[in-house]
There are 2 protein chains.
Amino acid sequence: MVKLSEGNGGKEMDSLISRFTKDFPRGNWLHYDNDAAILKTDIGFFGFTTDSFIVEPPFFPGGNIGDLAFCGTVNDLAVMGIKPSALSIALVIEEGFPDEKLEKISDSLAKHSKATGIPLVTGDTKVMQKGKLDNIIINTSAIGVTDKVLDTPPESGDLIILSGSLGDHAVAVLSKRFDFETSVTTDSKPLWEEMKSIKPLIKQAKDPTRGGLAATLNEIAIKNNLQVLIHESHIPVKQEVRSAINLLGIDMYSLACEGRIVCIASQEKADLVLEILRKFNPDASIIGEFTGQKIPEVVIQTAFGKRLLPKPSGNIVPRIC
Amino acid sequence: MVKLSEGNGGKEMDSLISRFTKDFPRGNWLHYDNDAAILKTDIGFFGFTTDSFIVEPPFFPGGNIGDLAFCGTVNDLAVMGIKPSALSIALVIEEGFPDEKLEKISDSLAKHSKATGIPLVTGDTKVMQKGKLDNIIINTSAIGVTDKVLDTPPESGDLIILSGSLGDHAVAVLSKRFDFETSVTTDSKPLWEEMKSIKPLIKQAKDPTRGGLAATLNEIAIKNNLQVLIHESHIPVKQEVRSAINLLGIDMYSLACEGRIVCIASQEKADLVLEILRKFNPDASIIGEFTGQKIPEVVIQTAFGKRLLPKPSGNIVPRIC
């Protein structure tokens, strides 16, 4: 039986995906990571990615499921260095879902589309009987082309930069779900402008969505077969986010962000990357480095010493995105 | 409030989609119809389409939701004359969904992928709490490129050909849902081989999925601003399908097929098209023609005379695909 933990962005999900896709032909497509597929073509590297959004509740401080559906998918291409060129939108709606809410979701999608110049070109609409679906699910898929995919292997001493504070999106959603007061709003936003500015300076990037920073850093460590060391004291977290997370008893490092970049740059270039990212968000910080040890693991330096930061497992917090 | 009828593939759905997408930028993309978007590029016409599948139950005679998720989406490109070149798959699964069923769905996707050579290149997996979703939803998106999109305007006297019998898929799903005996199995199948064979001979094609033949023919009539006349006696329907539909009291012309083509050919070429299609399915038939009248409507000739066949409205039968 499928478990809730198998949708968590962590170890259990990896296992379910491996089983589900074990017999799938992949053709000539390259797989730089799990989020987007890449095909080398005559006109460059073509990227293709998809994401379904099941956030509960669909409206939360600073945004709604429409913001996530736009940003989450285009960002999967953006962090690979690919400018998204078009988006599809497939709605599955529960019978009785309010028209006003649907209009607000449409407005959010249109707003991002206009601001980024990424058109919404094709779609699908389904309605399920009341009680057969909780509110609304949106799937978006995106495509884009680039001359160069970001995939330079990191080296010993390369630095890891986080583009803003952790946990904002998760706390915004949870504040609505559990009805507590907060001034924290979702961090959800399209990342292409930031990525375009830093692309020439960085080696790789990822966005720490489901599974959070812990999943993202472990994926980076495993992919490159290199040990990552991060410093807890360097990781930007808002005080209000920290309080909420302590109160809820959840792990900050496994919480999804929807508008943050984790990127890798050489020591020479890291300061310039940081300077650029801070123009977008003053909380951007260098949070760690590659130690040079060929061990695919993430170590975190805390006030109490070093410990492993494993890929998340278990139930984490469901339906954040 | 969103109504069940707004997901029916008919008039109410058109209205919801118009409202939802009214502010969406479309960029330079061409819209030949609602199912796929087309972009003219240096390497040809690029097609992009998406579909979510919510069929209930997810297993039915002759197939399962995996078959629909593969065929439904690649067929949207195929009927436009575009060979699908890759597919994405996004699963949203209810907690507790049986592993064996998930494996069978995976097997169906893999089987079609191997048979057609269309790779499954990227995906997403989400799990919702038990009771928050009825079983499983699958979204697939597909891309492809072609030198020539099928979009030649029809003329007076051109013929309309249907590639096989109507209603099989709907009756297969309903037999499982309402627990009646039938030997009818789903018509779901990938259509590219058929489309490739007839593409040089035809002007346009569509697949009569949601909203059935009635929706498809009305879309053709409206798009081309021409009256379509079809002959009820020429429309292939299996006896067992006819009995089931009469028993259930539902309208045959609004029922979704998942492996049928409706195409347009000149009188000179129609016989050859029919000959080719009959190699795939002996039930293929010429079912009607363009009368030459510039009225965007569909008229059906029955044993009792002529009547309008309007675009479906109302609840039709929910969750067939």
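Residues numbered from 1 in each chain as written. Chains lettered and ligands numbered in written order. Predicted model: local features only at pLDDT ≥ 70, side-chain atom pairs only at ≥ 80, totals over all residues.

1. A closer look at unusual backbone geometry
All names here are of chain A. Note the cis peptide between Glu 56 and Pro 57, where omega equals 0 degrees. Summarising the element assignment, Pro 57 is placed in the loop between strand 2 (44–53) and strand 3 (59–60). The residue Asn 135 is not glycine, and still its phi comes out positive at about 75 degrees. Judged by local crowding, Asn 135 falls into the partly exposed class, with 19 C-beta atoms found within 10 Å. Residue Asn 225 is not a glycine yet carries a positive backbone phi of 50 degrees. (Helix = DSSP H or I, 4+ residues; strand = E, 2+ residues; numbered from the N terminus. Buried ≥ 20, exposed ≤ 12 C-beta atoms within 10 Å, placed from the backbone.)

2. Re the nonpolar core
Core analysis: the biggest nonpolar cluster contains 198 residues, and Ile 161, Val 228 and Cys 263 of chain A together with Ile 161, Val 228 and Cys 263 of chain B have the highest contact counts within it. Apart from the residues lying within four places of it in its own chain, the contact partners of Ile 161 of chain A are Cys 263, Ala 265, Ala 270, Val 273, Leu 274, Leu 277, Ala 284, Ile 286 and Ile 287 of chain A. (Core = buried A, V, L, I, M, F, W, Y, C linked by C-beta atoms within 7 Å. Contact = placed C-beta atoms within 7 Å.)

3. Considerations on the interface of chain A and chain B
Where interface size is quoted, it is often the accessible area lost as the parts come together. Opposite the 63 residues of chain A that make contact, chain B presents 63 residues. Secondary-structure elements contributing two or more residues to the side of chain A that touches chain B are helix 1 (11–20), strand 2, strand 5 (83–94), helix 3 (99–116), strand 6 (120–128) and strand 7 (136–146) of chain A. In terms of residues, the side of chain A that touches chain B owes the most to one element, strand 6 of chain A, which gives nine residues. The residue inventory of the side of chain A that touches chain B, partitioned by class, reads 33 nonpolar, 16 polar and 14 charged. (Nonpolar A, V, L, I, M, F, W, Y, C, P; charged D, E, K, R; others polar.)

4. Overview of the domain arrangement of chain A
All names here are of chain A. Assigned domains of chain A: these are domain 1 (31–146) and domain 2 (159–308). The gap between the C-alpha centroids of domain 1 and domain 2 is 23 Å. In this assembly, 22 residues from domain 1 lie in contact with 25 residues from domain 2. Looking at which element gives the most residues to the side of domain 1 that touches domain 2, the answer is helix 2 (residues 65–78), with eight residues. A per-class count over the side of domain 1 that touches domain 2 returns eleven nonpolar, seven polar and four charged. (Domains from an automatic or database assignment.)

5. Re the packing of helix 4 (residues 168–177) of chain B against helix 7 (residues 239–248) of chain B
Residue and element names in this part refer to chain B. Between helix 4 and helix 7, whose axes approach to 10 Å, the crossing angle comes to 60 degrees. Relative to helix 7, the element helix 4 lies oblique. Helix 7 is crossed by helix 4, and the crossing has left-handed handedness. Facing Asp 168, Val 171, Leu 174 and Ser 175 of helix 4, the residues of helix 7 in contact are Val 241, Ala 244, Ile 245 and Leu 248. In the contact of helix 4 with helix 7, the residues fall into six nonpolar, one polar and one charged. (Axes fitted to C-alpha atoms, helices over the stretch in contact; angles between N-to-C directions. Parallel < 35°, antiparallel > 145°, perpendicular 65-115°, else oblique. Left-handed = near helix turned anticlockwise from the far one by under 90°.)

6. Considerations on the pairing of strand 11 (residues 262–265) of chain B
All names here are of chain B. Taking every second residue as pointing to the same face, both faces of strand 11 are buried, with Val 262 and Ile 264 on one and Cys 263 and Ala 265 on the other. As paired elements, strand 8 (residues 159–162) and strand 11 share four bridges and run antiparallel to each other. Note on strand 11: the bridge partner recorded for Leu 162 is Val 262. (Pairing = 2+ DSSP bridges.)

7. Some points on the environment of Phe 180 of chain B
Residues and elements named next belong to chain B. With respect to the secondary-structure elements, Phe 180 resides in the loop between helix 4 and helix 5 (192–198). We classify Phe 180 as exposed; it has 12 C-beta atoms within 10 Å. Distance in space between the C-alpha atoms of Phe 180 and Ala 244 is 9.0 Å, their sequence separation being 64 residues.

8. So, helix 4 of chain B
Residue and element names in this part refer to chain B. Most of helix 4 sits inside the fold, with eight of its ten residues counted as buried. Among the residues of helix 4, Asp 168, His 169, Ala 170, Val 171, Ala 172, Val 173, Leu 174 and Ser 175 are the ones counted as buried. Lining the buried residues of helix 4 we find strand 3 (59–60) and helix 7. Remark: Asp 179 follows helix 4 within two positions and exhibits a positive phi of approximately 60 degrees.

9. Focus on the sheet that holds strand 12 (residues 285–290) of chain A
Residue and element names in this part refer to chain A. The sheet built from seven strands is open, its strands ordered 9-11-8-12-10-13-14 with mixed pairing. If you trace the sheet from one side to the other, it starts and ends with strand 9 (204–206) and strand 14 (305–308), each paired once. Adjacent strand axes in the sheet meet at a mean angle of 25 degrees when their direction is disregarded. As judged from the three bridges shared by strand 9 and strand 11 (residues 262–265), these two strands associate in the antiparallel manner. Looking across to strand 11, one finds that Lys 206 is bridged to Val 262. In the packing of helix 6 (residues 212–224) onto the sheet, the strands contacted are strand 9, strand 10 (228–231), strand 11 and strand 13 (298–302), and the crossing angle to strand 10 comes to about 150 degrees. Strands strand 8 (159–162), strand 11 and strand 12 of the sheet are contacted by helix 8 (residues 267–280), whose axis makes an angle of about 5 degrees with strand 8.

10. Describing the relation of the copies chain A and chain B
Relating the two copies of this chain is a rotation about some axis coupled with a shift parallel to it. Superposition of chain A onto chain B requires a rotation of 180 degrees combined with a translation of 0.0 Å along the rotation axis, giving an RMSD of 0.0 Å. What we have between these two chains is a two-fold relation. Considering only C-alpha atoms, the part of chain A nearest the rotation axis is Leu 133 of chain A, at 2.2 Å. Counting the interface residues of chain A, we find that 100% of their copies in chain B are interface residues as well, pointing to one common contact surface. (Least-squares fit on C-alpha atoms with pLDDT ≥ 70 in both.)

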